[in-house]
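Listed here are the chains, written in short residue letters.
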Amino acid sequence: MKAVILVGGQGSRLRPITYHIPKALVPLRNQPFMGYMVEFLRRGGLDGAVLSLGYLPDPIQAYFADRKDLDGFSLDYAVEDRPLGTAGGLKNAEPYLDRGDGPLVVVNGDVLTGLDLGELLEAHRESGAQATITLTSVEDPTAYGLVEVDSEMQVHRFLEKPAYDEVTTNLVNAGIYVLEPEVLEMIPADQEVSIEREIFPELQARGTLRAHVSSAYWRDVGTPRSYLMASHDVLSGAVGTEPGFEYLQIDASTKVGKGVKLLPPLSIAPDCVFEEGATVGGRSSLGRGCRIGRGATVEGSVVLDGAEIEPGAVVRGSVIGPEVRVGQDAIVRGLSVLGAEAVIGEGNVLDQGLRVNPGVVLQPRSLNF
Ligand code: GTP
């Protein structure tokens, strides 16, 4: 059985990181996100996937070309020349699918989950529905597509990103579906079509759409907040599919100065340098070749390859893009996101979800929240 992984979106909510790195490849614990996705599908017994690509397809294909350990797990690539939406992207993958294979798993390419795919497939088979949509409960449903179901798990209403006073359920579309092959016939070819807004409502009107409610770990990596939380969860073992990083793993290429504090769970890629008195707090992930300066602090953050945090600077709960330089005594906190090669001059303070585009240079002390 095969899956279609939808990875053609622009990941605009995760900009500026996604200007250079497709959402499908943002690292969690220094492993590109697609690695977790493939493990999820293999755990569920699937033997291959078609990647539905559009935005930045080359790095995704290059990532899989480099993976020599996928023995037996087949991969095909369907690349759109313009965005076709979630159903259009699925339709575009049809030539790589074999109707005789039976039902098809479709998954949003930004979902990190401990879901048991076997249980979902079983629920789908038992119900005889044309499509089964996985639901998960979230604390704040206003950022998601809400799905109301009856006691028979039949879907009876969709509500896309409701206002607070419209919220009637905390069950949201988890972006993991099982579809019978005939659902593909409902999607017109070469057109932009949304599975959530066009195909599911039609199936619901026919009474052939079922829901499967899962209480397994689930989070998407689509926003800076959810990406950072997913990173923390992978490090602490909260996903439930692998143990947390209780002990520190560093290799011989890491240089650690006097008085440096490294507090697990942490992920440190090779060739990092920690200067005297630096502190790297729990649930941070540092890419290859990062430099953390004398007395600098990094906590609860993702710092991508080649970034430099200069002496005395503080980075908390933020995403630092590749080759970024955070100047001496600067403070970056509160879900700030810095694009590749940005330079934050000495003494700046960045807070409240501030985003700095790739290559932007902030002069010393020019920004203070
Ligand atoms: P935002 O721009 O931040 O909304 O992100 P997105 O569009 O990349 O992701 P969204 O959560 O809206 O979409 C869910 C999944 O569908 C993601 O894994 C996307 O990569 C994928 N997706 C969205 N639009 C398309 C598309 O036009 N074609 C294909 N093939 N996939 C898409």
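The rules behind these values
- Residues numbered from 1 in each chain as written.
- Predicted model: local features only at pLDDT ≥ 70, side-chain atom pairs only at ≥ 80, totals over all residues.
- Heavy atoms only, no water.
- Helix = DSSP H or I, 4+ residues; strand = E, 2+ residues; numbered from the N terminus.
- Rg over C-alpha atoms; globule rule 2.2 N^0.38 Å.
- Buried < 20%, exposed > 50% of the residue type's maximum accessible area, 1.4 Å probe, protein only.
- Contact = heavy atoms within 4.5 Å.
- Areas by Shrake-Rupley, 256 points an atom, 1.4 Å probe, with all protein chains shown as cover.
- Lys, Arg positive; Asp, Glu negative; His and termini not counted.
- Charge placed at Lys NZ, Arg CZ, Asp CG, Glu CD.
- Domains from an automatic or database assignment.
- Buried area = accessible area lost by both parts, 1.4 Å probe.
- Salt bridge = Lys/Arg side-chain N within 4 Å of Asp/Glu carboxyl O.
- Polar contact = N/O pair within 3.5 Å; in protein donor to acceptor, adjacent residues only side chain to side chain.
- Nonpolar A, V, L, I, M, F, W, Y, C, P; charged D, E, K, R; others polar.
- 1 Å grid on protein atoms, 1.4 Å probe; cavity = no way out; pocket = protein on both sides within 12 Å on 5 of 7 lines; lining within 4 Å.
- Points joined across faces, edges and corners; volume = space filled by probe spheres on them.
- Near = heavy atom within 4 Å.
- Phe/Tyr/Trp six-rings, centres within 6.5 Å; stacked < 30°, edge-to-face > 60°.

K.L.:
So what exactly am I meant to see when it comes to the overall build of the chain here?
P.N.:
Counting secondary structure elements, the chain contains six helices and 32 strands. Over its C-alpha trace the chain gives a radius of gyration of 22 Å, about what one expects of a compact globule, namely 21 Å for 369 residues. Out of the 369 residues belonging to the chain, those deemed buried represent 52%. Restricting the contact set of the chain to residue pairs at least 6 apart, pairs at least 24 apart contribute 49%. Accessible surface, the chain: about 15700 Å² in total, of which carbon and sulfur atoms supply 46%. Between the mean site of the 32 positive side-chain charges and the mean site of the 50 negative ones, the chain shows a separation of 6 Å.

K.L.:
Looking at this model, I keep getting lost on the domain arrangement of the chain. Mind explaining?
P.N.:
Much of the literature gives interface size as the accessible area that the parts lose upon coming together. By the assigned domains, the chain splits into domain 1 (2–235) and domain 2 (248–362). Just the C-alpha atoms count here: the centres of domain 1 and domain 2 sit 32 Å apart. Three residues stand out in domain 1 for area buried against domain 2, namely N30, L228 and L235, and they jointly supply 32% of the buried area on that side. Summed over the shared surface of domain 1 and domain 2, the result is zero salt bridges. Run the count over domain 1 and domain 2 and you get five residue pairs in polar contact (both at pLDDT 80 or more). Counting residues per element, the side of domain 1 that touches domain 2 draws most heavily on helix α6 (residues 224–236), at seven residues. Its residues placed into classes, the side of domain 1 that touches domain 2 shows ten nonpolar, five polar and four charged.

K.L.:
I'm lost on the layout of surface pockets in this one. Help?
P.N.:
Sizing a probe to match a water molecule and rolling it over the atoms shows the empty space that remains. Estimated volume of the second largest pocket: approximately 270 Å³. Around the second largest pocket, the lining is made up of 14 residues, and of these L25, P27, N30, P32 and D305 lie nearest the centre. A breakdown of the residues in the lining of the second largest pocket according to their chemical character gives nine nonpolar, three polar and two charged. When residues of the lining of the second largest pocket are assigned to domains, at least three map to each of domain 1 (2–235) and domain 2 (248–362).

K.L.:
Whenever I open this one, the site of the ligand confuses me. Can you help?
P.N.:
The immediate surroundings of the ligand are formed by 19 residues, with L6, S12, R13, E80 and G85 found nearest. G8 has a polar backbone atom sitting 3.0 Å from a nitrogen atom of the ligand. Between G9 and the ligand, the recorded distance is 2.9 Å, taken from a backbone N or O atom to an oxygen atom. The protein chains hide 82% of the 600 Å² of surface that the ligand would expose on its own. Taken together, the residues of the shell around the ligand sort by class into four nonpolar, eleven polar and four charged.

K.L.:
Hey, could you run me through the packing of aromatic side chains in this one?
P.N.:
Aromatic ring pairs are described here by two measures, namely the spacing of the ring centres and the angle between the planes. What the rule picks out here adds up to four aromatic pairs. Taking 5.0 Å as the distance between ring centres and 65 degrees as the angle between the ring planes, the aromatic pair formed by Y63 and F64 counts as edge-to-face. Residues Y63 and F64 agree in their burial class; the two are buried.

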